[in-house]
Amino acid sequence: MDRDEVRALLHKVSAGTATAEEALGELVRGPLSGRSGAGFEDLGFARLDTHRALRTGDPEVVYGAGKTPAQTVALLTALLGQPGDRAALATRLPDEALDAVSLAFPEARIDTDARCAAVGEPLSPRGRVLVVSAGTSDEAVAREAAFVATEFGCSTGIVRDVGVAGIHRLLAVREQLDAADCLIVVAGMDGALPSVVAGLVGIPVIAVPTSVGYGSSFGGVAALLTMLNSCGPGVLVCNIDNGFGAAVAAARMIRRVAHADSAQPVPPVAAATTVPVGS
């Protein structure tokens, strides 16, 4: 949608001929309707989705792997130029891209272990996400999850090196696990940690298998299959090494609950009439 269409829509709301919810729906559908306002910015090498935040609540994030440092900086610059108060975020940044982002944006928040960078004001935190890693070798994925969850508006912490080979280390932090709103459990090797955590607390567990392990781990496939076959209830599984995806899922869960808590009570739905079988 262009500015004139948005202005006309706002006039309808002001005049009472459209509700706020109807206007919001029209804004969300705008770039998908085939009318003017494509909903993306064509940078030549990429088409930046400028409408994603309105559709999903979160702006596009730059995946740095496979991009040149100049492309990464250009995408972050374009994201910063969009309306709204969200920071521009990039993940999986090679060393050269980390250096380029640091040079272009001296104020950027950069985690070299997570290979992530954020530019712009951070969101006020709400909800508690705790990242739990099985071993020190899982640190990069755990840090990515923690960085992204923080930038997506969560209060975030990390519990490190509590894998099942020394189960007493995990039991020692059970109270920390139980105090979280969502747990992101990162593990390679046998991938057993999420099942154990799910058996200790009644907190949603998002499991992230990592590519850490010896030959028969098949680059994280063994951990992935273990997590998918978990007997612990409430375990959701992301792709191998996908700390980013786990963090976004956790942040959206927390945001949705916060939104529901602040919303007006919904009137009860009338009970459906039961029709006897065979009538």
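Attention here is on the structure that accompanies the text. Please read all numbers here as calculations on a predicted model, not as lab measurements.

## Overview of the overall build of the protein
Inference 1: Helix and strand content of the protein: 11 helices and 11 strands.
Inference 2: For the protein, the proportion of its 279 residues judged to be buried stands at 40%.
Inference 3: A sequence separation of at least 24 residues applies to 65% of the contacts in the protein between residues at least 6 apart.
Inference 4: For the protein, the exposed area adds up to about 14900 Å²; of that, 57% sits on carbon and sulfur atoms.

## Observations regarding the pairing of strand β4 (residues 88–91)
Inference 1: Both faces of β4 are covered, namely the face carrying A88 and A90 and the face carrying L89 and T91.
Inference 2: Inspection of the sheet shows strand β3 (residues 62–63) paired to β4 by 2 bridges, in the parallel sense. Considered in β4, the bridge of Y63 is made with T91.
Inference 3: Following the backbone out of β3, through helix α4 (residues 69–80) and into the adjacent parallel β4, one traces a crossover that is right-handed.
Inference 4: Alignment of β4 against strand β6 (residues 116–119), held across 3 bridges, turns out to be antiparallel. Pairing of L89 across the sheet is with A118, part of β6.

## Regarding the packing of α4 against helix α5 (residues 95–104)
Inference 1: The contact between α4 and α5 brings their axes to 8 Å, and the two run at 45°. Viewed along their axes, α4 and α5 adopt a mutual orientation that is oblique. Handedness of the α4/α5 crossing: right-handed. Residues P69, T72, V73 and L76 of α4 touch α5, and the partners they reach there are E96, A97, A100, V101 and A104.
Inference 2: Counted by class, the contact of α4 with α5 contains 7 nonpolar, 1 polar and 1 charged residues.

## Re unusual backbone geometry
For residues other than glycine, phi is negative in most cases, and the peptide bonds are mostly trans.
Inference 1: With a phi close to 60°, D161 is a non-glycine residue in the positive phi region.
Inference 2: Following the sequence through the fold, D161 ends up in the loop between β8 (155–159) and α7 (167–171).
Inference 3: With a phi angle near 65°, D241 is a residue other than glycine that sits in the positive phi range.
Inference 4: Mapped onto the secondary structure, D241 falls in the loop between β11 (235–237) and α11 (243–262).

## Remarks on the sheet that holds strand β9 (residues 182–187)
The strands that make up a sheet pair up through hydrogen bonds in the backbone, lying either parallel or antiparallel.
Inference 1: One open sheet accounts for 5 strands, arranged β8-β7-β9-β10-β11; its pairing is parallel. Here the strands that pair on one side only, and so sit at the sheet edges, are β8 and β11. Pairs of neighbouring strands in the sheet enclose a mean axial angle of 25°, with direction left out of account.
Inference 2: The pairing of strand β7 (residues 128–133) with β8 spans 5 bridges and is parallel. When the sheet's bridge partners are listed, V131 is paired in β8 with I158.
Inference 3: Along the sheet, helix α9 (residues 193–200) contacts β7, β9, β10 (205–209) and β11; its crossing angle with β9, the most-contacted strand, is approximately 150°.
Inference 4: Sitting on the sheet, helix α10 (residues 221–228) touches β9, β10 and β11, and the angle it makes with β10 is about 160°.

## Concerning the packing of aromatic side chains
Inference 1: Tallying each qualifying case throughout the model produces 0 aromatic pairs.
Inference 2: Above the plane of the ring of F152 lies R86, whose end atom (NZ or CZ) is 5.0 Å from the centre.

## As for a nonpolar patch on the surface
Inference 1: Side chains of F218, V221, L225 and L228 sit close together on the surface and give an oily, nonpolar patch of about 400 Å² of accessible area.
Inference 2: One can find L228 in helix α10.

## Regarding the nonpolar core
Inference 1: Membership of the largest hydrophobic core comes to 28 residues, with the highest contact counts inside it found for V129 and I184.
Inference 2: At the level of elements, β6, β7, α6 (139–151), β9, β10 and α11 are the ones that each hand at least two residues to this core.
Inference 3: Here this core takes 7 residues from α6, the largest share from any one element.
Inference 4: Sequence-distant contacts of I184, that is, excluding residues within four places in its chain, are made with V129, L130, V131, V132, A145, I206, V208, A246, A247 and A250.

## Here we look at the sheet that holds β3
Inference 1: Read across the open sheet, the 4 strands follow the order β3-β4-β6-β5; overall the sheet is mixed. Two strands close off the open sheet at either side, each with one partner strand: β3 and β5 (109–111).
Inference 2: Bridge count between β5 and β6: 3 bridges; the pairing is antiparallel. Following the sheet pairing, D111 is matched in β6 by C116.

Cut-offs and rules
Residues numbered from 1 in each chain as written. Predicted model: local features only at pLDDT ≥ 70, side-chain atom pairs only at ≥ 80, totals over all residues. Heavy atoms only, no water. Helix = DSSP H or I, 4+ residues; strand = E, 2+ residues; numbered from the N terminus. Buried < 20%, exposed > 50% of the residue type's maximum accessible area, 1.4 Å probe, protein only. Contact = heavy atoms within 4.5 Å. Areas by Shrake-Rupley, 256 points an atom, 1.4 Å probe, with all protein chains shown as cover. Pairing = 2+ DSSP bridges. Right-handed = clockwise from strand over helix to strand, strands pointing away. Axes fitted to C-alpha atoms, helices over the stretch in contact; angles between N-to-C directions. Parallel < 35°, antiparallel > 145°, perpendicular 65-115°, else oblique. Left-handed = near helix turned anticlockwise from the far one by under 90°. Nonpolar A, V, L, I, M, F, W, Y, C, P; charged D, E, K, R; others polar. Phe/Tyr/Trp six-rings, centres within 6.5 Å; stacked < 30°, edge-to-face > 60°. Lys NZ or Arg CZ within 6 Å of the ring centre and 35° of its normal. Patch = residues over 30% accessible without salt bridge, like charges linked within 9 Å, V, L, I, M, F, W, Y side chains within 5 Å. Salt bridge = Lys/Arg side-chain N within 4 Å of Asp/Glu carboxyl O. Core = buried A, V, L, I, M, F, W, Y, C linked by side-chain atoms within 4.5 Å.

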